[in-house]
Amino acid sequence: MPAIESTRAATRWTTRIVPVFLTAAVVYATYVVVARICSKYIWPSLRGATPRDYGTLEYLLRSLNENGTAIALLVLYFIFLLLMIATYARTLYNANFNPGVTPLGPRAAHRQRAKDGKQMRQAYGAGDLEGRAYEAGPDNDIDSPGLESFYSRDVFVCETDGRPKWCSECCNWKQDRVHHSREIGRCVYRMDHYCPWAGGMIAEKSFKFFVQFTTYTTLYCAVVLGANAYALRRQVGQGASADAFFLAAIVIAAFFGLFAFSMTATSARYILQNMTNVDILSFRRKVYQLAVRVPRGTRSDRFGVIVYPLTKVESSPGGRKAEIGALKPNGHPSEEQADVLPASSRDDLATRTFAILGTGPGENPWDLGPWRNWQSIMGTNPLDWVLPIHHSPCANHESLESLYEMDHMLNQLRNRYGLPAGPPSDESTIMQMRDLRSQ
Ligand SMILES: [Zn+2]
């Protein structure tokens, strides 16, 4: 499986070099805190070692006779070191090989193949229609591939016309919370950021492991910092001059520790608010349009509706070749309760109607409250919170309600727009629809 790397050469090289620096820092810390004990504990008298030459633990063990402190530090050091390495490896793997990219649309896949085969010139020659179509906007085909995965759910993020968002780079519809990363040139589920420190794309498949990694790195650095500061203080207290090894370890641990802590604190806030680095951009002004499934025949002057599957409407001369079946607010008098008309024709049975509802500025559709936000990312089992084994529950996209849970916001919106609580009860709509379409 090829790694999904940055499209920029400089970032690719940074991503490769950073792990070398991190490894060097850990090797050095291990040497200062632990390794010196192994060599000098055995032969200190033979080599004439003085307290000045000792490693932190050896210093505590031998000079201060604080065996309990030294053993506690040793245990903490290795626990956090192992957890840090395990979470780093898991983050690194997922960020590179399983970041959660969405499939390319047919046109973008064609371009990718052409690029891979170094046939760009042929593919984008003057006579190539697909090449010219590549830069075009959303697919206006009413049977555009992938649309069904949206309207088979009860709610999805849409544009004001009721169709999903479109990525012109990937030539595909964008699912909820999917963001196009210029760094890797692909759309990514619940993207957070591209992190050269963690070696790749931090998104829904790697975010939990990334947070665990920064948390353990903070704790690891705290142990290194604490052990060296303690040893240094005792050393100076005994009248010896400050050990350069201890001082250097303190500076390095403080640098990485503060960096990791700030990442952990930011990530913790995102987890509790169910946000990402992408969501947070101009969040206070951001308004989401949601296509919310409503009973067939629903009409209201307060919102537009769209009926899926889309239907072709004869266009006026010079108009678009296919108009989608969106219905604008119909000018009925204002009313508290949305008007629900009875479904009539056989074709109606095969359709799903969605109201196009706007959230208020700064409302986060995916905010489920701090506790459920935490569980949706860190897992429901406390073991999942601390160990880098299972993916976040929110990376499971099997629900037919929405790609990411948003029941809290959904209930509010239905209430706000006078719609019945909960989705329409005709669970079998999809089956009916498929049956009818196959006839
Ligand atoms: Zn994209």
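Residues numbered from 1 in each chain as written. Predicted model: local features only at pLDDT ≥ 70, side-chain atom pairs only at ≥ 80, totals over all residues. Heavy atoms only, no water.

- As recorded in an unreviewed UniProt entry, the chain goes by the name Palmitoyltransferase, listed as coming from Xylaria multiplex.
- Taken directly from UniProt, the Sequence similarities (unreviewed entry) text for the chain runs: "Belongs to the DHHC palmitoyltransferase family. PFA5 subfamily."
- According to UniProt, the comment filed for the chain under the heading Subcellular location (unreviewed entry) is "Membrane". (UniProt positions renumbered as here; feature names shortened; annotations may be inferred.)

### Some points on the nonpolar core
Logical step 1: By size, the foremost hydrophobic cluster in this structure holds 56 residues, and its most contacted members are Leu290, Tyr308 and Leu357.
Logical step 2: A domain-level breakdown of this core finds at least three residues from each of domain 1 (9-100 + 204-273) and domain 2 (283-438).
Logical step 3: Apart from residues lying up to four places away in sequence, Tyr308 is in contact with Leu147, Tyr151, Phe156, Gly162, Arg163, Pro164, Ala350, Thr351, Arg352 and Phe354.
Logical step 4: Judged by nonpolar contacts, the second largest core, of 22 residues, contains Val18, Leu83, Phe213 and Phe256. (Core = buried A, V, L, I, M, F, W, Y, C linked by side-chain atoms within 4.5 Å. Buried < 20%, exposed > 50% of the residue type's maximum accessible area, 1.4 Å probe, protein only. Domains from an automatic or database assignment. Contact = heavy atoms within 4.5 Å.)

### Looking at the coordination of the zinc ion
Logical step 1: In this structure, Cys167 (SG), Cys170 (SG), His180 (ND1) and Cys187 (SG) serve as the protein donors to the zinc ion, at separations of 2.1 to 2.3 Å.
Logical step 2: Classification of the site at the zinc ion rests on its 4 donor atoms, whose angles at the metal span 102 to 120°, yielding the label tetrahedral.
Logical step 3: Between the donor residues of the zinc ion, the gaps in sequence give the motif C-x2-C-x9-H-x6-C. The burial state of Cys167 is the same as that of Cys170; both residues are buried. (Donors = N, O, S within 2.8 Å, 3.2 Å for Na, K, Ca; no water. Tetrahedral: all angles 85-135°; square planar, octahedral: opposite > 155°, others 65-115°.)

### Focus: the pattern of salt bridges
Logical step 1: The tally for this structure, following the rule as stated, stands at 9 salt bridges.
Logical step 2: Between Arg8 and Glu183 there is a salt bridge, with the nearest N and O atoms lying 3.2 Å from each other. Of this pair, Arg8 sits in the segment before helix H1 (9-40) while Glu183 is found in the loop between strand E4 (178-181) and strand E5 (186-189), placing the two residues 175 residues apart along the sequence.
Logical step 3: Residue class for Arg8 comes out partly exposed when judged on its relative accessible area of 43%.
Logical step 4: Residue class for Glu183 comes out buried when judged on its relative accessible area of 14%. (Salt bridge = Lys/Arg side-chain N within 4 Å of Asp/Glu carboxyl O. Helix = DSSP H or I, 4+ residues; strand = E, 2+ residues; numbered from the N terminus.)

### Description of the environment of Leu387
Logical step 1: Note that Leu387 resides in the loop between helix H12 (382-386) and helix H13 (407-416).
Logical step 2: Note on Leu387: relative accessible area 29%, which makes it partly exposed.
Logical step 3: A C-alpha to C-alpha distance of 8.6 Å links Leu387 and Ala86, two positions 301 residues apart in sequence.
Logical step 4: Leave out the neighbours within four places in its chain, and Leu387 touches Leu83, Lys208 and Gln212.

### Regarding the layout of surface pockets
Logical step 1: Empty space within the largest pocket amounts to approximately 760 Å³.
Logical step 2: Lining the largest pocket are 26 residues, with Thr7, Glu183, Ile184, Gly185 and Arg186 sitting closest to its centre.
Logical step 3: For the lining of the largest pocket, the secondary structure elements donating two or more residues are helix H5 (106-116) and E4.
Logical step 4: Take the lining of the largest pocket: its biggest share by element is 4 residues, from H5.
Logical step 5: Broken down by class, the residue content of the lining of the largest pocket amounts to 10 nonpolar, 7 polar and 9 charged.
Logical step 6: Approximately 480 Å³ is the volume found for the second largest pocket.
Logical step 7: Lining the second largest pocket are 26 residues, with Leu22, Val26, Met84, Phe213 and Thr217 sitting closest to its centre.
Logical step 8: Of all elements in the fold, only H1, helix H4 (67-97), helix H9 (207-237) and helix H10 (244-273) reach the threshold of two or more residues within the lining of the second largest pocket.
Logical step 9: When the residues that make up the lining of the second largest pocket are grouped by side-chain class, the tally is 23 nonpolar, 3 polar and no charged. (1 Å grid on protein atoms, 1.4 Å probe; cavity = no way out; pocket = protein on both sides within 12 Å on 5 of 7 lines; lining within 4 Å. Points joined across faces, edges and corners; volume = space filled by probe spheres on them. Nonpolar A, V, L, I, M, F, W, Y, C, P; charged D, E, K, R; others polar.)

### Structural notes on the packing of H9 against H10
Logical step 1: Running from amino to carboxyl end, H9 crosses H10 at an angle of 150°, the nearest separation of the two axes being 7 Å. In terms of crossing hand, the pair formed by H9 and H10 is left-handed.
Logical step 2: Of the residues in the contact of H9 with H10, the class split is 21 nonpolar, 9 polar and no charged. (Axes fitted to C-alpha atoms, helices over the stretch in contact; angles between N-to-C directions. Left-handed = near helix turned anticlockwise from the far one by under 90°.)

### Quick notes on the UniProt feature "transmembrane region" (unreviewed entry) in the chain
Logical step 1: Sequence positions flagged by UniProt for "transmembrane region" (unreviewed entry) are, in local numbering, residues 20-43, 70-89, 209-232 and 244-265.
Logical step 2: Measuring from the first to the last C-alpha atom of residues 209-232 gives 34 Å, for a span that is 100% helix and 0% strand.

### Description of helix H11 (residues 370-378)
Logical step 1: Of all the residues in H11, the buried ones are Asn373, Gln375, Ser376, Ile377 and Met378.
Logical step 2: Gly379, located one to two residues past H11, shows a positive phi value of around 105°.

### Concerning unusual backbone geometry
Logical step 1: With an omega of -5°, the peptide bond between Tyr308 and Pro309 qualifies as cis.
Logical step 2: Within the fold, Pro309 resides in the loop between strand E10 (304-308) and strand E11 (326-327).
Logical step 3: Here Ser282, not a glycine, exhibits a phi torsion of approximately 45°, which is positive.
Logical step 4: Within the element layout of this structure, Ser282 appears in the loop between H10 and strand E8 (289-294).
Logical step 5: Residue classification places Ser282 among the partly exposed residues on the basis of a relative accessible area of 41%.

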